[in-house]
Amino acid sequence: MADFDYWSEWITRIVSMIELCIDGYCLYRFVRPFLRRAKAALAAGGGYFLTMLAVEVLPLYVDAFIAYALGSLTVFLVMYRLERRNGTQKAFLAITFFSLRWFTATIAELLYDKLYDLVENTPWYQGNPSMSMQLMVYVGVCVFYLIMVFLITTATVCCITRSYICKYEQMTKRELLMLVSPPFLGAVGYKVIRYYRRFYILENGKPAEVYDMLLLFYCGLAIVVVAILIMLYQNIKAAQEEKTANQLLSTQIDDLKRHIGQVENLYQGIRSMKHDMTNHILTLERLYAGNNVEEALDYGKELKSALSPIEGEIKTGNPVTDVILQELKSEAEKKSIHFQSNFYYPTGTGINAFDVSVILNNALQNAMENAGESKTPHISVLSYHRNNAYMIEVSNSFTGNLKWDEERGLPVTSKEKKDGHGYGLSNIRMVARKYSGDIAIDLKDDEFRLSIMLMME
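What you see is a predicted model, and the numbers here were worked out from it, not measured in a lab. (Residues numbered from 1 in each chain as written. Predicted model: local features only at pLDDT ≥ 70, side-chain atom pairs only at ≥ 80, totals over all residues. Heavy atoms only, no water.)

### A closer look at the pattern of salt bridges
It is possible for side chains bearing opposite charge to pair when their charged atoms get close. The full count for this structure, using the stated rule, is nine salt bridges. In this structure, Glu9 and Arg13 form a salt bridge, with 2.9 Å as the shortest nitrogen-oxygen distance. With a gap of four residues between them, Glu9 and Arg13 both fall in helix α1 (residues 2–31), about one helical turn apart. Of the residues examined, Arg13 reaches a relative accessible area of 44% and is grouped as partly exposed. Here Asp355 makes a salt bridge to Lys434, at a shortest N to O gap of 2.9 Å. Note that Asp355 is positioned in helix α11 (residues 353–371) and Lys434 in helix α12 (residues 424–434), a separation of 79 residues in sequence. You can call Asp355 buried: its relative accessible area is 7%. Lys434 sits in the exposed class, given a relative accessible area of 56%. Put simply, Glu19, Asp23 and Arg101 are held in one network by salt bridges that share partners. (Salt bridge = Lys/Arg side-chain N within 4 Å of Asp/Glu carboxyl O. Helix = DSSP H or I, 4+ residues; strand = E, 2+ residues; numbered from the N terminus. Buried < 20%, exposed > 50% of the residue type's maximum accessible area, 1.4 Å probe, protein only.)

### Observations concerning the sheet that holds strand β3 (residues 389–397)
Reading across the sheet, the five strands line up as β1-β2-β3-β7-β6 and stay open at both edges, with mixed pairing between neighbours. The open sheet is flanked by β1 (338–342) and β6 (438–444), the only strands paired with a single partner. Each strand of the sheet is rotated relative to its neighbour by a mean of 15 degrees, with strand direction disregarded. Where strand β2 (residues 378–386) and β3 come together, eight bridges link them in antiparallel fashion. Each bridged residue has a counterpart across the sheet, and for Val381 the counterpart in β3 is Val394. (Pairing = 2+ DSSP bridges. Axes fitted to C-alpha atoms, helices over the stretch in contact; angles between N-to-C directions.)

### As for the nonpolar core
Counting residues in hydrophobic clusters, the biggest one holds 65 residues, and the most contacted among them are Val31, Phe92 and Tyr145. Broken down by element, the residue count for this core peaks at 15 residues, all from helix α4 (residues 87–120). Leave out the neighbours within four places in its chain, and Phe92 touches Tyr164, Met171, Leu176, Leu179, Val180 and Ile230. In this structure, Ile314, Ile351, Leu425 and Leu450 belong to the second largest nonpolar core, which totals 39 residues. (Core = buried A, V, L, I, M, F, W, Y, C linked by side-chain atoms within 4.5 Å. Contact = heavy atoms within 4.5 Å.)

Take a look at the structure:
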């Protein structure tokens, strides 16, 4: 019997090491979708494993609750040290895994206890099998326990990471408090039930079925509640995004109405000028006939000055895009940004002027915001076609580096989702895909270039 205790102790230690490896791997899988670099996720999983290994090996007599809290604290510090962004979300990941680890391991442990109890109550086992057979049984149930830990924890991690859609979105402190309160309180409740279960075992020498079933149900329910809470939270965020996107679209429609109003005023001015043109020509003829050359030249200059704002500098082949580009050029010149346009509207191709205006408004507004920070600010817009592909390229001077949202495949701006600017590229991509096209982003030589492809009919 002494030999059995000796070998079972060694098996228990090995199982504990393997379980820590499983925990570290599952933690890596849990935080990896939220981190930009795989090394940061590996470091978090490795830091958790080493911290828990130190608590396991060193003669530190601390409560398991505190020990795993130290492991989760290490995870948070490692993640935040390697990626100093969205610290509230990293705190959420550390606290959530701290709670989930208790729930998943406890479910596996209860299943382990039930399996071991079933084997011990078999006639074969009660017939005093050899020590080697007892060790084989012990190893078997330990392997079963490790498999259950891996499967339950992995399934839980996958469920939560899939429910959490906007992984790169900034989390506020209020959202952190809302999301971590249920799992943390669940862990505290688990601790209370676990205490009474252990107290009952010490008093009666055997586990109580009621406590085992209660604990099993409680842990399973806690995991479901955490997953549902995250899913509901993400649905609320998605609804907020849709509302903001609709508000932005409404603003763009208002802008387009304003541009159309300007076009109507332009045409009204042209009609008025056309109506008076005969009189202007007669006046010039009389001045020249009377040899009043200087007066005729002055009159011609005044007439040219009056025609200049009506005519406009930019001609694209469409009055709406003319007005948009002319307005944005005037805005750029006020900010001392060099603006160059080689844009033409693809008439007779089935591409809607409203869709093109959405592209130009979003692309050029984003360019206007970022170009001004450069020493030599400039913006250029051009269009051309290759076979049946209509291309629009908007370039602007740019300083700094781009951070990417891997979920959307778009850069993250400093104003992301605060006043709608973060939706600009999303709206451009939505329009491009409407015409079976897409967008491409290139950054080199301190210049940001956005290329939009639309397929023409």
